[in-house]
Amino acid sequence: MTRGTEVGRRPEAAIGPGTKPAARLGPWQRCLRCLSDCSPCLRKSNENYDMGRDRQDGATTAVDEGAVQQVTSLDLQAGLNKERHHTQDFDYEELIIRRGFPFQMGVTLNSPFDPNSDPLQMELSTGNNPQLAKRTLVVLTLGSKPEPGEWALTAINNGNHTLAVTVHVPADCPIGRYRLSVSARGGQKQEAALYILFNPWCPADVVYMEGEKEKAEYVLNESGRIYYGTEAQIGVRTWNFGQFSRGILEASLKILQKSQIPVAGWGNAISVVRTVSAMVNSQDDAGVLVGNWSGDYSGGTSPTSWVGSVEILLQYLHTGRSVCYGQCWVFSGVTTTVLRCLGIPARPVTNFSSAHDTDVSLTTDVFLDEDLKPLEEMNYDSIWNFHVWNDCWMSRPDLPAGHGGWQAVDATPQETSSGIYCCGPASLEAIRNGLVYLTYDAPFIFAEVNSDKVYWQRQTNGQFQKLLVQQKVVGHNISTKAVGSDEREDITLLYKYQEGSDEERIAVETACRHGSRPNTYEYGRVQGEVGAEVSAPDGVEMGQDFALTVKLRNSSDEARTLVLFVQAAVMFYTGVCRTPFHRNRREFLLEPNQEMEVKLDFRQDEYLEQLVDQAAMMFTVTGRVRETGEPIVHQLNFRLRTPDLVVTPLGEAVVGKAMKVEVRLKNPLPIPLSGVLLRFEGAGLQGPKAYKVGSVPRQGTVTVTETLLPCRPGHRKLVCSLDSPQLTQVHGVAELEVREA
């Protein structure tokens, strides 16, 4: 068991390096509030401190310890308290507790303690300007009766010169770093520092979560899975959250310190989550990560190269500057780390075919001209192949009953909320039912998961008429890691009712009545006799030729002539396309009630040089039925597979014993890779590390051997990534059981 800090013997261990030991300060004791040699504050705090002083040379005279009772040391019992507060995994010597739970400490005096005549006082303070009224300064006297939900200081044992006390901590106090001091009737104080976090184990805390397995997953798990790709081709990567690594708690609190939220508001989980979603991106507040979707990552790190949050947060902590670069899964991974570190249950969530509604219409709108060609200057809405955000768990006393539980929060800067680039927390229950008028940012998230795709055609008079409504385009396979396993859990039904059900249609129309086009559903939906669907094979790797299938259907009792335009373009995962690399016009005669399949072939030399991150493409099929004028519109997002890194442990994993792992990759491309960079990161195994590989010949294999020094026992994951200008989104993971030495 780890011994607590004995502040009287080594005050610098609790207060910080470089400070003067309290015993050397004489009458000028360290200021409790600012922890510096602040004479005015100290003079006031020590006005009752009766000490002799030599008037000639300023030397302090000896104190008669028999006449004045003093606190000589404190034992914060860090080992015992951390275990009880579920903070033993933090790589910190300081005491870290969770609010709502009491903690024990030992107080040693220079004379026997008499509870009837000897007052013992404790002060706790946080922030630069602690105040009683703001609950950032707490003054406790031993013996006060503990009241539910209030601070209190009680004795649990009196052992002559040593007093064992319990500090009762309310479940709604501000979180953060606290300065603690204890004094007896003589007035001299002994000081220490401790951290207070949110407490999902405490029923009185707003972040309380039932189920030990759930808390183990959403608070204590230091690694997780983040999903990407398309709804038909779901990829997964392991992410090292590392929320207990040294420096991450300071970085998380620094994020709050640099925001506009006052320290007195750090006890409000809603405000903290909203602040984190704003500060993880740097769009308007010099936050943690700079977003970049351009494909040019010079001057920083490619988003696909990161393997975890630790390197990012430590760089931000040590430099004070925003880190380059991030995209949605990086923002989500860092948000997960910060929220779990602060004690708020959190998980990454991936939504496939995720809409970006730019005009608060609650629909995804596509505007076409008279000839069914897209009006690019008007088409600001988009559908991302995937988008990653977070769920966090809390009650919502600010909303009507029943809207607590999982809340969506998004740190990726897309649209402003109250003038700031942040999003959430929004109740999943409100989103599911289309109650978009409930805070925060429910309209935007509703549109991401459940908006209809509406096509508008310009008429000869310049007005736009609703042409087509597609109901099942947005919000598919909403995914997160399952509790206690690496399986994918589909949580789509937490965000929306079953597609096409009466409940789902009511939610859509309810939401749209609060949007910028409330009359969208006043008219009947367009029904079609002729349809076209595009499908792609699974498992096509970069550098391979492939074929798409277009399935045509004529459900009428008459023959129909279908004129189709096929277009293929490389696409960023955000839905933004490059100039098409393939265009084709085809005409088909469909007999009554006939179905037909058409194959479209694509060669690797058509697309390979144009590929960007995620290796995604969009295929668009538009057309018209000649006999009836019925429009045909269909789009398909398609992703080429990238290879995995093969990570193989060599030898046994033992705490404190060096071991090796082998990382291997075969280049699948018909071109060489240049500027290859490997990254490693794993909680309890390896701090963030990068390794320059150089180049890899076409179809060649690269093998790198890395040495690890495990420092914590248990089930551990080493996460690796490979990045080069020619090949991105390549990663792998090794799972190790580390045993004690």
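Residues numbered from 1 in each chain as written. Predicted model: local features only at pLDDT ≥ 70, side-chain atom pairs only at ≥ 80, totals over all residues. Heavy atoms only, no water.

Let us now look at the overall build of the protein chain. If you tally the helices and strands in the protein chain, you get 13 helices and 36 strands. A buried classification covers 57% of the 741 residues belonging to the protein chain. Carbon and sulfur atoms form 48% of the exposed surface of the protein chain, whose accessible area is close to 30800 Å². (Helix = DSSP H or I, 4+ residues; strand = E, 2+ residues; numbered from the N terminus. Buried < 20%, exposed > 50% of the residue type's maximum accessible area, 1.4 Å probe, protein only. Areas by Shrake-Rupley, 256 points an atom, 1.4 Å probe, with all protein chains shown as cover.)

Attention shifts here to the environment of Gly176. Considering the arrangement of structural elements, one finds Gly176 in strand β8 (residues 176-183). For Gly176, a relative accessible area of 1% puts it in the buried group. Taking C-alpha positions, Gly176 is 9.8 Å from Gln257, a pair spaced 81 residues apart along the chain. Discounting residues that sit within four places of it in the chain, Gly176 has contacts with Leu194, Tyr195, Ile196, Leu253 and Trp266. (Contact = heavy atoms within 4.5 Å.)

With that settled, consider the nonpolar core. Counting 60 residues, the largest nonpolar core has Phe546, Leu552, Met617, Leu640 and Leu645 as its most contacted members. Element by element, the count of residues in this core is highest for strand β25 (residues 560-571), at five residues. Residues contacting Met617, with those up to four places away along its chain left out, are Phe546, Ala569, Val570, Met571, Phe581, Tyr607, Leu636, Asn637, Phe638 and Leu640. Formed by 58 residues, the second largest nonpolar core is a distinct cluster that contains Ile175, Phe241, Val288 and Val330. (Core = buried A, V, L, I, M, F, W, Y, C linked by side-chain atoms within 4.5 Å.)

Before going further, it helps to examine the sheet that holds strand β33 (residues 686-696). The strand order across the open sheet built from four strands is β33-β32-β35-β36, with neighbouring strands paired in antiparallel fashion. Strands with a single pairing partner mark the edges of an open sheet, and in this sheet they are β33 and β36 (730-738). Pairwise comparison of adjacent strand axes, ignoring direction, gives a mean angle of 15° for this sheet. In this structure, strand β35 (residues 714-723) lies alongside β36, joined through nine bridges in antiparallel fashion. What sits directly across from Leu718, in β36, is Ala734. (Pairing = 2+ DSSP bridges. Axes fitted to C-alpha atoms, helices over the stretch in contact; angles between N-to-C directions.)

The subject of this paragraph is the pattern of salt bridges. Summed over all chains, the structure comprises 26 salt bridges. Residue Asp172 pairs with Arg135 through a salt bridge whose shortest N-O separation is 2.9 Å. On the criterion of sequence distance, the pair formed by Asp172 in the loop between β7 (162-168) and β8 and Arg135 in the loop between β4 (121-125) and β5 (137-141) is long-range, its members being 37 residues apart. For Arg135, a relative accessible area of 33% corresponds to the partly exposed category. (Salt bridge = Lys/Arg side-chain N within 4 Å of Asp/Glu carboxyl O.)

Pro425 follows Gly424 through a cis peptide bond whose omega is 5°. Along the chain, Pro425 turns up in the loop between β17 (405-409) and β18 (426-427). With an omega of -5°, the peptide bond running from Thr439 to Tyr440 counts as cis. Position of Tyr440 among the secondary structure elements: in the loop between α9 (428-432) and α10 (442-450). In this model, Gln77 sits at a positive phi of 50°, which is unusual for a non-glycine residue. Tracing the backbone through its elements, the reader meets Gln77 in the loop between β1 (71-75) and α3 (78-84).

Glancing now at the environment of Asp545. Looking at the element boundaries, Asp545 is found in the loop between β23 (530-535) and β24 (546-554). In contact with Asp545, other than residues within four places in its own chain, are Val540, Phe602, Arg603 and Gln604. For Asp545, the side chain forms a polar contact with the main-chain nitrogen of Gln604, separated by 2.8 Å. (Polar contact = N/O pair within 3.5 Å; in protein donor to acceptor, adjacent residues only side chain to side chain.)

Taking burial as the measure, the nine residues of α10 include eight buried ones, the bulk of the element. Taken as a whole, α10 has its buried residues at Ala442, Phe444, Ile445, Phe446, Ala447, Glu448, Val449 and Asn450.

Along the chain, Gln190 turns up in strand β9 (residues 189-197). In terms of polar contacts, Gln190 uses its side chain to reach the backbone carbonyl oxygen of Val71, at 3.2 Å.

Before going further, it helps to examine the side chain of Glu123. Here Glu123 is to be found in strand β4. At 4.1 Å, Lys189 is the nearest oppositely charged side chain to Glu123, a buried residue that forms no salt bridge. (Lys, Arg positive; Asp, Glu negative; His and termini not counted.)

Let's shift gears to the sheet that holds strand β20 (residues 464-470). Backbone-to-backbone hydrogen bonds join strands into a sheet, with any given pair of strands oriented parallel or antiparallel. Pairing is mixed across the open sheet formed by three strands, whose spatial order is β15-β19-β20. Lying at the two open borders of the sheet, with one neighbouring strand each, are β15 (364-368) and β20. Averaged over all adjacent pairs, the angle separating strand axes in this sheet is 25°, with direction ignored. Bridge count between strand β19 (residues 453-458) and β20: six bridges; the pairing is antiparallel.

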